[in-house]
Amino acid sequence: ILIHSELLKNIMSQRTERRGIHVDQSDLLCKKGCGYYGNAAWQGLCSKCWREEYQRVRQKQIQDDWALAEKLQREEEAAYASSHGVQTQSTTPPQPGHASLGPFSKFEEKKTNEKTRKVTTVKKFFSPSSRTASKKETQEGKTSPSISRHASFDTDQVSKDFVDFLKNLQKPGREIHKQCRVFLVNMSSKKDLGADELSECVQDFYQNLADRLMTHFKGSSESVEQVMDQVEKYIMTRLYKSVFCPETTDDERKDLATQNRIRALHWVTIQMLCVSMDEEIPEVSENVVKAITDIIEMDSKRVPRDKLACITHCSKHIFSAIRITKNEPASADDFLPALIYIVLKANPPRLQSNIQYITRFCNPSRLMTGEDGYYFTNLCCAAAFIEKLDAQSLNLSPEEFERYMSGQASPRCSSAEGEWPHTGPGAGVAATNPVLAQLNHNLEQLSTISSRQEKVMEAAQSLQADLLSWTESVQREVNDILEKYPLTCTVSAIDANNIDNDNLPPPLTPQVFAG
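Cut-off values and rules
Residues numbered from 1 in each chain as written. Predicted model: local features only at pLDDT ≥ 70, side-chain atom pairs only at ≥ 80, totals over all residues. Heavy atoms only, no water. Helix = DSSP H or I, 4+ residues; strand = E, 2+ residues; numbered from the N terminus. Buried < 20%, exposed > 50% of the residue type's maximum accessible area, 1.4 Å probe, protein only. Contact = heavy atoms within 4.5 Å. Patch = residues over 30% accessible without salt bridge, like charges linked within 9 Å, V, L, I, M, F, W, Y side chains within 5 Å. Areas by Shrake-Rupley, 256 points an atom, 1.4 Å probe, with all protein chains shown as cover. Salt bridge = Lys/Arg side-chain N within 4 Å of Asp/Glu carboxyl O. Expected span 1.5 Å × (residues − 1). Phe/Tyr/Trp six-rings, centres within 6.5 Å; stacked < 30°, edge-to-face > 60°. Axes fitted to C-alpha atoms, helices over the stretch in contact; angles between N-to-C directions. Left-handed = near helix turned anticlockwise from the far one by under 90°. Nonpolar A, V, L, I, M, F, W, Y, C, P; charged D, E, K, R; others polar. 1 Å grid on protein atoms, 1.4 Å probe; cavity = no way out; pocket = protein on both sides within 12 Å on 5 of 7 lines; lining within 4 Å. Points joined across faces, edges and corners; volume = space filled by probe spheres on them. pLDDT = per-residue confidence, 0-100. Core = buried A, V, L, I, M, F, W, Y, C linked by side-chain atoms within 4.5 Å. Disulfide = S-S within 2.5 Å.

**Q** Mind showing me how you'd approach the overall build of the protein chain here?
**A** Regarding its fold elements, the protein chain presents 19 helices and zero strands. Counting over 515 residues, the protein chain shows a buried share of 37%. Within the protein chain, contacts between residues at least 6 apart in sequence are counted, and of these 72% link residues at least 24 apart.

**Q** Mind showing me how you'd approach a nonpolar patch on the surface here?
**A** A surface patch of nonpolar side chains, amounting to about 450 Å² of accessible area, comprises Leu-436, Leu-439, Leu-443, Leu-446 and Ile-449. Of note, Leu-443 is situated in helix H18 (residues 434–484). On the accessibility criterion, Leu-443 (47% relative accessible area) is partly exposed.

**Q** Help me out: how do you make sense of helix H13 (residues 332–346) in this one?
**A** Residues that lie three or four places apart on an α-helix share one face, since the helix turns once every 3.6 residues. In this model H13 runs 21 Å from its N-terminal to its C-terminal C-alpha over 15 residues, within 8% of the 21 Å that 1.5 Å per residue would give. The buried fraction of H13 is high, at twelve of 15 residues. Of the residues making up H13, those classed as buried are Asp-334, Phe-335, Leu-336, Pro-337, Ala-338, Leu-339, Ile-340, Tyr-341, Ile-342, Val-343, Leu-344 and Ala-346. The inward-facing, buried residues of H13 abut helix H10 (251–264), helix H11 (282–297), helix H12 (304–326), helix H14 (351–361) and helix H16 (370–387).

**Q** In this structure, what is going on with the packing of aromatic side chains? I would like to understand it.
**A** Given two aromatic rings, one states the distance between the centres and the angle between the planes to describe the pair. Taken as a whole, this structure holds 13 aromatic pairs when the rule is applied. Ring plane angle 45° and centroid distance 5.0 Å describe the contact between Trp-267 and Tyr-404, whose orientation is recorded as tilted. Separated by 137 residues along the polypeptide, Trp-267 in the loop between H10 and H11 and Tyr-404 in helix H17 (residues 398–406) bring together distant segments of the chain. Comparing Trp-267 with Tyr-404, the two get one shared label, buried. Centroid distance Phe-335 to Tyr-374: 6.3 Å. Interplanar angle 25°. Geometry classified as stacked. Of the two residues, Phe-335 sits in helix H13 while Tyr-374 sits in helix H16, which places them 39 residues apart along the sequence. In this structure Tyr-374 comes out as buried when scored by relative accessible area, which is 12%.

**Q** Would you explain the pattern of salt bridges in this entry?
**A** Between side chains of opposite charge, a pair can form as their charged atoms come close. In total, this model carries 15 salt bridges according to the counting rule given. The partner of Asp-229 in a salt bridge is Arg-366, and the shortest N-O contact between them spans 3.0 Å. You can see Asp-229 sitting in helix H9 (residues 221–243) and its partner Arg-366 sitting in helix H15 (residues 364–368), a full 137 residues away along the chain. Considered together, Asp-229 and Arg-366 belong to a single accessibility category, that of buried residues. Residues Glu-286 and Lys-290 are paired through a salt bridge, measuring 3.4 Å at the closest nitrogen-oxygen approach. Pair noted here: Glu-286 and Lys-290 are both in helix H11, with a separation of four residues, about one helical turn. A relative accessible area of 37% places Lys-290 in the partly exposed class. Counted as one network, the salt bridges with shared partners bring together Lys-160, Asp-164 and Lys-167.

**Q** Is there a simple way to explain the packing of helix H6 (residues 153–167) against helix H7 (residues 171–188) in this structure?
**A** How two helices sit against one another is set out by the angle between their axes and by the gap between those axes. At a closest axis distance of 8 Å, the pairing of H6 and H7 adopts a crossing angle of 145°. Between H6 and H7 lies a crossing whose hand is right-handed. The residues of H7 that touch H6, namely those facing Phe-162, Val-163 and Leu-166, are Gly-173, Ile-176, His-177 and Cys-180. Within the contact of H6 with H7, the residues separate by chemical class into five nonpolar, two polar and no charged.

**Q** Can you walk me through unusual backbone geometry in this structure?
**A** The phi torsion of most residues other than glycine is negative, and most of the peptide bonds are trans. We note that Cys-245 has phi near 50°; this positive angle belongs to a residue other than glycine. Here Cys-245 lies in the loop between H9 and H10.

**Q** Looking at this structure, I do not really get the environment of Arg-174. What am I missing?
**A** Inspection of the secondary structure assignment puts Arg-174 in helix H7. Taking C-alpha positions, Arg-174 is 8.7 Å from Val-163, a pair spaced eleven residues apart along the chain.

**Q** Teacher, can you tell me more about empty space enclosed by the protein here?
**A** This structure, assessed with the given rule, holds two cavities of 30 Å³ or more. As a volume, the second largest cavity reaches approximately 40 Å³. Looking at the second largest cavity, the residues that line it are Met-187, Lys-190, Lys-191, Leu-198, Leu-239, Ser-242 and Val-243. Take the lining of the second largest cavity: its biggest share by element is three residues, from H9. Residues of the lining of the second largest cavity, tallied by class, amount to four nonpolar, one polar and two charged.

**Q** Sorry, what's going on with the confidence of the model for the protein chain here?
**A** Detailed reading of the predicted model is not advised wherever pLDDT is low. The pLDDT averaged across the protein chain works out to 76; a share of 66% of its residues lies at or above 70. Low confidence marks residues 413–432, where pLDDT is under 50. Its contacts with residues over four positions away, or in another chain, come to 36 contacts.

**Q** In this structure, what is going on with the nonpolar core? I would like to understand it.
**A** The nonpolar side chains of a soluble globular protein tend to be buried, and buried together. Among the nonpolar cores identified, the biggest contains 55 residues, and Trp-267, Val-268, Met-277, Ile-311, Ile-318 and Leu-394 are the most heavily contacted of them. Counting only elements with at least two residues in this core, the list comes to H11, H12, H13, H14, H16 and H17.

**Q** Can you help me understand helix H8 (residues 195–216) in this one?
**A** A rise of 1.5 Å per residue sets the reference length of H8, with its 22 residues, at 32 Å; its end C-alpha atoms lie 32 Å apart and thus fit the reference within 8%. Of the residues flanking the end of H8, it is Lys-218, one or two places downstream, whose phi is positive at about 55°.

**Q** Help me out: how do you make sense of the state of the cysteines in this one?
**A** Covalent bonding between the sulfur atoms of two cysteines is what defines a disulfide. Overall, the coordinates contain zero disulfides when judged by the stated rule. Lacking any disulfide linkage, Cys-381 is separated from the closest cysteine sulfur, that of Cys-380, by 7.0 Å.

**Q** Is there a simple way to explain the side chain of Asp-299 in this structure?
**A** For Asp-299, the location among the structural elements is in the loop between H11 and H12. Judged by its relative accessible area of 15%, Asp-299 falls in the buried class.

If you want it as structure tokens, here you go:
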């Protein structure tokens, strides 16, 4: 989703004036000045003004196509009449009532009927009434396989809850349930429509039903809102598989591009965005984890209102983390940078598809006012800022930005040069989040262990060589001594002087030992 160019330009210009990401809150409102929140997918308009603009452009397109069809019909009739006139002039005119006029008249009538049918088909295709099926078509469509197929457990549970809710309304409840089922049958035959056309069908149904409920409840907006919430839950749970990330859009391509972009920006630190959160504080770290969990959980929800609830919960955890860090209420200028940081850390699955799904099929009143609309508008701004993130927005030189993006370098926490200014009481403790800090610490330890292992191996090899050389040196010394002092066996002088030893009995015969 691309943010409105003026809003993005304003964010970037203010970003260069002072450190941090700042956006004027008036830029989040509708461009037409109605006071509601705008949306980047609607060119900065709110849902109400966008529908009015869309209907105006669409009606003009229908009129232009209708005029073109009539023009083509007149030109074809003129060409046909011209060719017929030439043909009649070149032949002898038959007498009145001649039999040859019969086949030609039938041919002309058939040709005229065919052209009329074509024009009528074109007009019907571009007519708003073509959106609504006739009563006969509705009755025949009740046996649609897409509706009668076995629903999942979640769908069955939602249907049961919807019926239980409508029982309290008695007769109006039965009529609401009937209208919802008819609408689902009609939608099952419109699968080939584009995403904008499907969105228009759903929004028309919301608007018509809300107007009828407003009359029934005599202007009680709270009661109407409760019923519309249940209707949205029932309708969108049944339509989710066919309208979420449809094949007729490029939502999937945008999802992959956004995920790759966030992966490439994994090196962005909390200091670069000037986020007023100290993750060294346990409560702040806990809120950050909850915020990441909520924004990731958004993809698992089917109902637009539930997806919006995940965004709201995520945003409230961010505000809590900022409040705990600063010991004061968080401001809007603090919130947007923190939301961008959370999105970068979470890398939510199918972010663009979820934003588009909420934009197309959510009850428009939720996106126009209230905290849900405010938080959703900020999420759209965060997604757009990430797409446009560059060296200037992070106060980096283009060379540094390219090195970080290519992986040739990585910013370290608390650099010796004081490269990143610190914000918040605990910003000087760590420039990255605890997980990245622990990862860097582990890598440094592994590097130290590796160098120590190399030294140990070198010492062991040296010791082995010393042992071999010592053995050889000892052997050489022994051989030298033996050569210098050879071993000789001599008879003791005492035994040599005793000549009578041979006459002694065996036990007394002296024994000579070499020594």
